[in-house]
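# Observations on the model geometry
Next come the chains, spelled out residue by residue.
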Amino acid sequence: MSEHSERDVQREVTALQGRSATAARLFDIRRIIGGLFVVYGVIVTIAGITASDADIDKAEGVNINLWTGLGMLALGLFFLAWLWLRPTAPPVPADDTSA
């Protein structure tokens, strides 16, 4: 009976560790920052592409929305590539030697 319950406890602990690692990867700050920069970068880039001549003249002849949007897209893609190339390591379970 005790062997069966220990096996169940071990299986439950393993399942909880797996869910914890998934949650850590899901809420990685690089994913949030990268995603927001990509979304805002697309919006600002579209605003820069559709800018009128009057808007460009206000900015001394520079299409600032286009360049800012492209910069935001590049930064967002950098964060997402960083996340993909170096994923978060799963947490290492602490060895409980007191038991």
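Residues numbered from 1 in each chain as written. Predicted model: local features only at pLDDT ≥ 70, side-chain atom pairs only at ≥ 80, totals over all residues. Heavy atoms only, no water.

## Some remarks on the pattern of salt bridges
Pairing between side chains of opposite charge can happen when the charged atoms of each approach one another. Counted according to the given criterion, the structure contains one salt bridge. A salt bridge links R30 to D28; the nearest nitrogen and oxygen atoms lie 2.7 Å apart. In this structure, R30 and D28 share a single accessibility class: buried. (Salt bridge = Lys/Arg side-chain N within 4 Å of Asp/Glu carboxyl O. Buried < 20%, exposed > 50% of the residue type's maximum accessible area, 1.4 Å probe, protein only.)

## A closer look at unusual backbone geometry
If a residue is not glycine, its phi is most likely negative; likewise, a peptide bond is most likely trans. In this structure, E60 takes a positive phi of about 60° despite not being glycine. Relative to the helices and strands, E60 resides in the loop between helix 3 (53-58) and helix 4 (64-85). (Helix = DSSP H or I, 4+ residues; strand = E, 2+ residues; numbered from the N terminus.)

## Focus on the environment of G35
Tracing the backbone shows G35 in helix 2 (residues 29-49). A relative accessible area of 26% places G35 in the partly exposed class. Here the alpha-carbon distance between G35 and L73, two residues 38 residues apart in the chain, equals 9.5 Å.

## Comments concerning helix 4
Taking 1.5 Å per residue as the helical rise, helix 4 with its 22 residues ought to reach 32 Å, and the 31 Å between its terminal C-alpha atoms agrees with that figure. All of the buried residues in helix 4 are G69, M72, L73, G76, F79 and L83. Seen along its axis, helix 4 keeps its buried residues to an arc of 130°; they face one direction. Those residues of helix 4 that are exposed and angled more than 90 degrees off the buried face are W67, L77 and L85. Looking at the buried residues of helix 4, the elements they touch are helix 2. (Expected span 1.5 Å × (residues − 1). Arc of directions from axis to C-beta. Contact = heavy atoms within 4.5 Å.)

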